[in-house]
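# Chains, contacts and geometry: an overview
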Amino acid sequence: MATVSLKNINKTYANGHQAIENLNLDITDGEMLVLVGPSGCGKSTSLRMVAGLETITGGDLYIDDVRVNDLEPSERDIAMVFQNYALYPHMTVFQNMAYGLKNRKVPKDEIQKKVEKAAEILEITNLLHNKPGQLSGGQRQRVAMGRAIVRNPKVFLFDEPLSNLDAKLRVQMRIEIKRLQQEFATTAIYVTHDQVEAMTLADRLVVMNEGNVEQVGPPIELYEKPATQFVAGFLGSPAMNFLDASLNGNRLTLSADVVLELNDPNLPADAHDLDVVLGIRPEHMEACEEAEADFTLSVDMIEPLGADTLLYGYFPGTESLITSEQPGKQQFKRGHRLALRVDRERCHLFDKATGKRLGS
Amino acid sequence: MVENRPWLTVTRHLVLILGVFIIGFPIWIALVASTNSSSEFVSGLMPLWFGEEGFGNFRRVLTNEERVLGVSVSASWMMWNSFIMAMVIAVGKIVISILSAYAIVYFRFPFRKTCFWLIFLTLMLPVEVRILPTYEVVASLGMLNSYAGLTIPLIASATATFLFRQFFMSVPSSLMEAARIDGAGPFKFFKDILLPLSVNNIAALFVILFIYGWNQYLWPLLITTDENYYTIVMVIKRLMSAGEGNIPWNIIMTTTILAMLPPVIVVLGMQKLFVKGLIEQEK
């Protein structure tokens, strides 16, 4: 039960490299905040600063309105789950989970009770006397979670906890983490580079890039209204298509043959030959009759995924490779000419120079 | 490699048998000689089969009956000296080097790298090279003829520090971070996490260092004049150079066998941990 607040947080390394620039985030009580971004974007550094494993070189960090910049990690009442689990290899599962409590001088019988309860929640009671070396990846992950929940901390911190698991287990554990976090209603910060994980787990999502926050908001909002081209390209799989275009009022010229009339009152009315980037998701281009089509795509490569089929081809008259997602029941062949219509309502326009979103 | 080439098998076995012979024959000679009486050696030839003495030579050497060793102390006393020396050196080296490696790997302090390289440089200065200055220091501190003098100058060890440093660096840093979050300070982390993880390495090092300490010859020879501090290795050499051409081979070989025993016991006893410590990395 806690709030976490980052105010103008900066991190500059001794070699002068600035990893985080003026980070401002407010995490409300019981919220699951997910930090997502490509590697090197500063998401792990931010998390480690909250944990106290990394010094904060500027700004203030508050947990429950107490400034914790100078507190040791153990004094911040947080628990962290690491990517490689970081279980103590020579201790049994029980000892692993009890270690933090033992160091806090919790009475023995209480430790016993708490560990057993946490083990029950995570269904690892039968593993309590095994050593981590004898456990599978998923079981180790559970133990790592158990070590976090047994202390009932103010904040859970997750540092890419699922990236060492295989795909199937990852989905299973993802659901488990969500369930646990909701059950305990504990404030949590979760770092990942996997956008599916980010979308599914987050109450609010923070997309980071090169030490800066690109956008903060509920996952669906970020997906539907990405504020920058970076966010648009990062979220969604398969990734959004980007096409260079020029904008005149509501007229979008993609190539000599392809011109789209948009109907967005919020576009800059005075736009005159403005260089923009059109973002359109693969699932927002519909197959249609030749007559209604905006353009035809000559299919170059096909990836059947079962439920859907991904079709790749060059946008006519350009060298931009684009992806189209079509229902899987239809059969396609290489060289197939696919007539496509762009969903006007789901076009995203970005200023080519700044990468910022244009219009609504 | 599973191959069935008879001549290769034969050659392989011949090479191995030759190796066993080269190692084993001198030990056999020593063992046989220790059971013969001194008269068997007058001809100048080594007997190749057990003699009449049985354990008589051992009894005489261990109790120094009739001053067979040419000194006033018995072999059992000298083995005790050797044991103390080997133990203190092995334990001392491990304690000092594990602590310095811990400091070098886990703490950020000024001139950390310099410290490491200074330690590393001492690899170039083994006892034999710095023996005169070291003697001077030990003499001025009044540590001649003492256990402290026998052991302390040999305790600092770059090799062991280096080995622990490499091992600590292979321990994932998240383990230390997890311990910090779990409320373990530097000392607790060392005691609860690092030390238990290092057990195999410690065992492997102990075996090597115990033998190193036990086999010391030059240093104890230099700083002990009081026979009460003689080590078993020293006396073997003394026996050989003793006297009027009549070298007591049976006594020498008996002492040799005795001197060989403790290292063998240590190796056999710690074999499993020793091998683990040398090969096992991450679990």
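None of the values given here were measured: they were computed from a predicted structure. (Residues numbered from 1 in each chain as written. Chains lettered and ligands numbered in written order. Predicted model: local features only at pLDDT ≥ 70, side-chain atom pairs only at ≥ 80, totals over all residues. Heavy atoms only, no water.)

## Remarks on the environment of A:Gln112
For A:Gln112, the position within the fold is in helix H3 (residues 108–122). Linking A:Gln112 and A:Phe184, residues 72 residues apart in sequence, is a C-alpha distance of 20 Å. (Helix = DSSP H or I, 4+ residues; strand = E, 2+ residues; numbered from the N terminus.)

## Things to note about the pattern of salt bridges
Applying the stated criterion across every chain, the model contains 22 salt bridges over all chains. Measuring nitrogen to oxygen at the nearest pair gives 3.2 Å for the salt bridge that ties A:Asp244 to A:Lys352. Here the residue A:Asp244 occupies a position in strand E11 (residues 241–248), and A:Lys352 occupies one in the loop between strand E20 (348–351) and strand E21 (357–358), the gap between them amounting to 108 residues. The partly exposed category is assigned to A:Lys352, whose relative accessible area is 43%. When the shortest N-O distance is used, the salt bridge between B:Lys191 and B:Asp192 registers 3.5 Å. For B:Lys191, a relative accessible area of 43% gives the class partly exposed. Its relative accessible area of 14% is what places B:Asp192 among the buried residues. Ionic contacts of the salt-bridge type, sharing partners, join the residues A:Lys11, A:Arg48, A:Glu54 and B:Glu177 into one network. (Salt bridge = Lys/Arg side-chain N within 4 Å of Asp/Glu carboxyl O. Buried < 20%, exposed > 50% of the residue type's maximum accessible area, 1.4 Å probe, protein only.)

## Some words on the sheet that holds strand E19 (residues 337–342) of chain A
All names here are of chain A. One open sheet accounts for 5 strands, arranged E15-E19-E16-E17-E18; its pairing is antiparallel. At either end of the open sheet lies a strand with only one pairing partner, and these are strand E15 (285–287) and strand E18 (321–327). The mean inter-strand angle of the sheet, taken between neighbouring strand axes irrespective of direction, is 50°. Looking at chain direction, strand E16 (residues 295–304) and E19 are connected through 4 bridges and run antiparallel. Looking across to E19, one finds that Thr296 is bridged to Ala339. (Pairing = 2+ DSSP bridges. Axes fitted to C-alpha atoms, helices over the stretch in contact; angles between N-to-C directions.)

## Section: the nonpolar core
Side chains of a nonpolar character, in soluble globular proteins, are inclined to be buried together. Judged by nonpolar contacts, the single largest core of 90 residues is most densely connected at A:Val4, A:Leu6, A:Leu157, B:Leu69 and B:Phe168. The biggest single contributor to this core is helix H3 (residues 75–106) of chain B, with 11 residues. When near neighbours in sequence (up to four residues on either side) are disregarded, A:Leu157 contacts A:Leu47, A:Val50, A:Ala51, A:Ile78, A:Ala79, A:Met80, A:Val81 and A:Ile189. Formed by 47 residues, the second largest nonpolar core is a distinct cluster that contains A:Leu127, A:Leu135, A:Ile177 and A:Val207. (Core = buried A, V, L, I, M, F, W, Y, C linked by side-chain atoms within 4.5 Å. Contact = heavy atoms within 4.5 Å.)

## Considerations on the domain arrangement of chain A
All names here are of chain A. Segmenting chain A into domains produces domain 1 (4–233) and domain 2 (238–358). Each of domain 1 and domain 2 has a C-alpha centre, and the two are 38 Å apart. Each side of the interface is counted separately: domain 1 has 9 residues, and domain 2 has 11 residues. Of the roughly 880 Å² buried between domain 1 and domain 2 on both sides combined, carbon and sulfur atoms contribute 51%. Considering only the surface of domain 1 that becomes buried against domain 2, Tyr223, Gln229 and Ala232 emerge as the three largest contributors, covering 56% of it. Linking domain 1 to domain 2 there are 0 salt bridges. Seen at the junction of domain 1 and domain 2, the total is 5 residue pairs in polar contact (both at pLDDT 80 or more). Of all the secondary-structure elements, those providing two or more residues to the side of domain 1 that touches domain 2 are helix H7 (219–224) and helix H8 (229–234). The element best represented in the side of domain 1 that touches domain 2 is H8, accounting for 3 residues. Class assignment for the residues of the side of domain 1 that touches domain 2 results in 4 nonpolar, 3 polar and 2 charged. (Domains from an automatic or database assignment. Buried area = accessible area lost by both parts, 1.4 Å probe. Polar contact = N/O pair within 3.5 Å; in protein donor to acceptor, adjacent residues only side chain to side chain. Nonpolar A, V, L, I, M, F, W, Y, C, P; charged D, E, K, R; others polar.)

## Considering the domain arrangement of chain B
All names here are of chain B. Under the domain assignment, chain B is made up of domain 1 (6–67) and domain 2 (78–279). On the side of domain 2, 10 residues touch domain 1, which itself brings 15 residues to the contact. Here domain 1 meets domain 2 over a buried area of about 1100 Å², counting both sides, of which 83% is carbon and sulfur. There are 0 salt bridges connecting domain 1 and domain 2. Summed over the shared surface of domain 1 and domain 2, the result is 1 residue pair in polar contact (both at pLDDT 80 or more). Mapped onto the side of domain 1 that touches domain 2, the elements with two or more residues apiece are helix H1 (6–33) and helix H2 (56–63). The element contributing the most residues to the side of domain 1 that touches domain 2 is H1, with 5 residues. Residues belonging to the side of domain 1 that touches domain 2 are distributed by class as follows: 10 nonpolar, 5 polar and no charged.

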